[in-house]
Amino acid sequence: MVRVLQSLVVRLSSQAIQSESSKTGRSPRYGKRGKETLSFFEQRWYHDFRPFCESWFLICLYNKGDIMKLKDTLNLGKTDFPMRAGLPTKEPIWQKEWEEAKLYQRRQELNEGKPHFTLHDGPPYANGNIHVGHAMNKISKDIIVRSKSMSGFYAPYIPGWDTHGLPIEQVLAKQGVKRKEMDLVEYLKLCREYALSQVDKQRNDFKRLGVSGDWENPYVTLTPDYEAAQIRVFGEMAKKGYIYRGAKPVYWSWSSESALAEAEIEYHDLISTSLYYANRVKDGKDVLDTDTYIVVWTTTPFTITASRGLTVGADIDYVLVQPAGEARKFVVAAELLTSLSEKFGWADVQVLATYRGQELNHIVTKHPWDTAIDELVILGDHVTTDSGTGIVHTAPGFGEDDYNVGVANGLEVAVTVNERGIMMANAGVEFEGQFYDKVVPTVIEKLGDLLLAQEEISHSYPFDWRTKKPIIWRAVPQWFASVSKFRQEILDEIEKVKFHSEWGKVRLYNMIRDRGDWVISRQRAWGVPLPIFYA
């Protein structure tokens, strides 16, 4: 039989070679110079294909009337393991066995009385299905806790969930629930039911990941005992004088209709319209004439409606200039004169005088269009010559720096935008009812010939991390925790902690060191109420 098969291989190879000869018009064994040579086809046939065919035919021998299979010629190990793992069906069975055997509880009993290791679980938010970020977080913690437990530590793991806040209100709103049109108690009941349903969903998913923990006794921020603990902490802070009410500007999300804490802010690039315009001097304090204009720069045109001052740097040099063909005189930072002249199209600019910023202090200027308002020139450390004109308009109701220097100089804290980002009546009849980000054409019209230039700029800007919409600074009555009163105590405690890696310590230390007061009130319904009573 083998001989017959070998003859068949030779016959097939001869036919293939003759076929190639008929295509090329010459014998494949001879090259151009008449020397015998093997064609590419013959080389591949004799060295690769033919030995393979012969080996295959040799394997396919008739053995007692049956054809021998290729796998029978290999020395493979024998096992009772199935060909497929089938984990989707087997894992739930294993996890049920672990749960029935109380594996987690037995491990805790085994290590009871031994040195403690506690990993505090930063809770996920109870809203939606888990994703790969949740999986990495929980599995990493599980590895740490299990390794400590196996190393002889008493290492319990108590999972938790954050169940309060805006995201749950937003889900209900998308489902058609109108918070302001229903009884508050019924609304809070809906929020609670939804939050607990999400806790159950995520708990089952975390258990399917194989994470070991006290899943039947988690901490959940909506439970009465947890809320009571928060109220007790608030009481202690109030006793120590850490809690106060103020109307200072805070991060305000018009898309959420609520104040936001610093941790709820993320930054994205935003394209904004910046304006260069001039305020005419009303009272120059024997330094400037009344035909002089102080040039201002802003990236938030809507705030001009609440502008109550102009801020200069005390140690910055300013020049009084008059461009050719211009009857007006202007004040700008000396360092920026060249770039501004190009931007404004000024030619043959004559420098008439130079002043230090402190010499301009308390000069009075007119508001660009509101004749009932004067704007006071004041000093501020936040003014730079990195961009703009070296002079910034100051709206104490719309910025932290503006608020600080404005209040120090007795300026009015005006707010012209409501909680939904809509301009109010005190902004002026031309602006009332417009969305704050759509008023640029109206502002330009009102500025008239006081507008010197406008341009689009891309800059980093704060956004609401939940709605992904830009926010504004807005002064509204809020309750604050005064971080400044216990900042040093926190920093001292950080110094006592061993960090892995050290950069984590530096990051946390700097964050606490530079943090302002913490706004703790929210204009929402679903959350822990502040136990404050007005008399």
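Since we're looking at a predicted model, the values are computed, not measured.

## Quick notes on the overall build of the chain
Turning to step 1, where the next piece is worked out: Helices and strands together make up the secondary structure of the chain, namely 13 helices and 20 strands.
Turning to step 2, where the next piece is worked out: Taken across its 535 residues, the chain has 39% of its residues classed as buried.
Turning to step 3, where the next piece is worked out: Contacts in the chain between residues far apart in sequence, at least 24 positions, make up 72% of those at least 6 positions apart.
Turning to step 4, where the next piece is worked out: Taken as a whole, the chain presents about 31,500 Å² of accessible surface, with 54% of it coming from carbon and sulfur.

## Regarding a nonpolar patch on the surface
Turning to step 1, where the next piece is worked out: On the surface, Leu87, Ile93, Trp94, Trp98 and Leu103 cluster together to form a nonpolar patch covering roughly 480 Å² of accessible area.
Turning to step 2, where the next piece is worked out: No other element matches the 4 residues that helix α3 (residues 87–100) contributes to the nonpolar patch.
Turning to step 3, where the next piece is worked out: Here Trp94 is to be found in helix α3.
Turning to step 4, where the next piece is worked out: The exposure class assigned to Trp94 is partly exposed, which follows from its relative accessible area of 38%.

## Looking at the environment of Leu451
Turning to step 1, where the next piece is worked out: As for its position among the elements, Leu451 is in strand β17 (residues 451–464).
Turning to step 2, where the next piece is worked out: Taking the C-alpha atoms as reference points, Leu451 and Ala278, 173 residues apart in sequence, are found 6.7 Å from one another.
Turning to step 3, where the next piece is worked out: Among residues more than four places away in sequence, those in contact with Leu451 are Leu275, Tyr276, Tyr277 and Ile444.

## Observations concerning the pattern of salt bridges
Turning to step 1, where the next piece is worked out: Counted according to the given criterion, the structure contains 28 salt bridges.
Turning to step 2, where the next piece is worked out: Asp121 serves as the salt-bridge partner of Lys138, at 3.4 Å between the closest nitrogen and oxygen. Taken together, the residues span a long stretch of sequence, with Lys138 in helix α5 (residues 132–150) and Asp121 in the loop between α4 (103–110) and α5 at a distance of 17 residues. Exposure class is identical for Lys138 and Asp121. Each is buried.
Turning to step 3, where the next piece is worked out: When the shortest N-O distance is used, the salt bridge between Lys496 and Glu493 registers 3.3 Å.
Turning to step 4, where the next piece is worked out: Given the relative accessible area of 62%, Lys496 is considered exposed.
Turning to step 5, where the next piece is worked out: Counted as one network, the salt bridges with shared partners bring together Glu99, Lys207 and Glu216.

## Details of the nonpolar core
Turning to step 1, where the next piece is worked out: Counting residues in each nonpolar core, the largest one holds 66 residues, and the members touching the most others are Leu288 and Tyr318.
Turning to step 2, where the next piece is worked out: The element that contributes the greatest number of residues to this core is β17, accounting for 6 residues.
Turning to step 3, where the next piece is worked out: Grouped together as the second largest cluster of nonpolar side chains are 11 residues, Tyr194, Ala195, Leu222 and Trp526 included.

## A closer look at the packing of helix α6 (residues 166–174) against helix α7 (residues 184–208)
Turning to step 1, where the next piece is worked out: Look at α6 against α7: their axes get within 10 Å of each other, and the N-to-C directions meet at 105°. On the basis of their axis angle, the class for α6 and α7 is roughly perpendicular. Every residue of α7 that contacts α6 at Ile168, Glu169, Val171 and Leu172 is listed here: Tyr187, Leu190, Cys191, Tyr194 and Ala195.

## Details of the side chain of Lys505
Turning to step 1, where the next piece is worked out: As for its position among the elements, Lys505 is in helix α13 (residues 502–514).
Turning to step 2, where the next piece is worked out: Here Glu495 takes part through its side chain, which lies 3.0 Å from a polar atom of the side chain of Lys505.
Turning to step 3, where the next piece is worked out: Excluding its chain neighbours within four sequence positions, the residues that come into contact with Lys505 are Ile494, Glu495 and Phe499.

## Let's talk about the packing of aromatic side chains
Turning to step 1, where the next piece is worked out: Taken as a whole, this structure holds 19 aromatic pairs when the rule is applied.
Turning to step 2, where the next piece is worked out: Centroid distance Tyr293 to Phe330: 6.0 Å. Interplanar angle 40°. Geometry classified as tilted. Of the two residues, Tyr293 sits in strand β9 (residues 292–298) while Phe330 sits in strand β12 (residues 329–333), which places them 37 residues apart along the sequence. The same class applies to Tyr293 and to Phe330, which are both buried.
Turning to step 3, where the next piece is worked out: Each member of the aromatic cluster is reached from another via a ring pair, and the members are Tyr276, Tyr293, Trp297, Phe330, Phe344 and Trp346.
Turning to step 4, where the next piece is worked out: Stacked on the ring of Phe206, the Lys or Arg Lys138 has its end atom at 4.7 Å from the ring centre.
Turning to step 5, where the next piece is worked out: Against the face of Trp252 rests Arg474, its NZ or CZ located 4.7 Å from the ring centre.

## Re the sheet that holds strand β6 (residues 249–253)
Turning to step 1, where the next piece is worked out: Read from one edge to the other, the open sheet built from 3 strands follows the order β7-β6-β18, with strand pairing classed as antiparallel. Edge positions in the sheet fall to β7 (258–260) and β18 (472–475), since each of these pairs with one other strand and no more. Geometrically, the sheet is characterised by an average inter-axis angle of 60° between neighbouring strands, direction not taken into account.
Turning to step 2, where the next piece is worked out: Pairing of β6 with β7 involves 3 bridges; the strand directions are antiparallel. By the bridge assignment, Tyr251 is partnered in β7 with Leu260.

## Regarding the environment of Gly246
Turning to step 1, where the next piece is worked out: Here Gly246 lies in strand β5 (residues 243–246).
Turning to step 2, where the next piece is worked out: A sequence separation of 231 residues divides Gly246 from Pro477, and the C-alpha atoms of the two residues are 5.5 Å apart.
Turning to step 3, where the next piece is worked out: If near-sequence neighbours (up to four positions away) are discounted, Gly246 is found in contact with Val476, Pro477, Gln478 and Phe480.

What counts, and at which threshold
- Residues numbered from 1 in each chain as written.
- Predicted model: local features only at pLDDT ≥ 70, side-chain atom pairs only at ≥ 80, totals over all residues.
- Heavy atoms only, no water.
- Helix = DSSP H or I, 4+ residues; strand = E, 2+ residues; numbered from the N terminus.
- Buried < 20%, exposed > 50% of the residue type's maximum accessible area, 1.4 Å probe, protein only.
- Contact = heavy atoms within 4.5 Å.
- Areas by Shrake-Rupley, 256 points an atom, 1.4 Å probe, with all protein chains shown as cover.
- Patch = residues over 30% accessible without salt bridge, like charges linked within 9 Å, V, L, I, M, F, W, Y side chains within 5 Å.
- Salt bridge = Lys/Arg side-chain N within 4 Å of Asp/Glu carboxyl O.
- Core = buried A, V, L, I, M, F, W, Y, C linked by side-chain atoms within 4.5 Å.
- Axes fitted to C-alpha atoms, helices over the stretch in contact; angles between N-to-C directions.
- Parallel < 35°, antiparallel > 145°, perpendicular 65-115°, else oblique.
- Polar contact = N/O pair within 3.5 Å; in protein donor to acceptor, adjacent residues only side chain to side chain.
- Phe/Tyr/Trp six-rings, centres within 6.5 Å; stacked < 30°, edge-to-face > 60°.
- Lys NZ or Arg CZ within 6 Å of the ring centre and 35° of its normal.
- Pairing = 2+ DSSP bridges.

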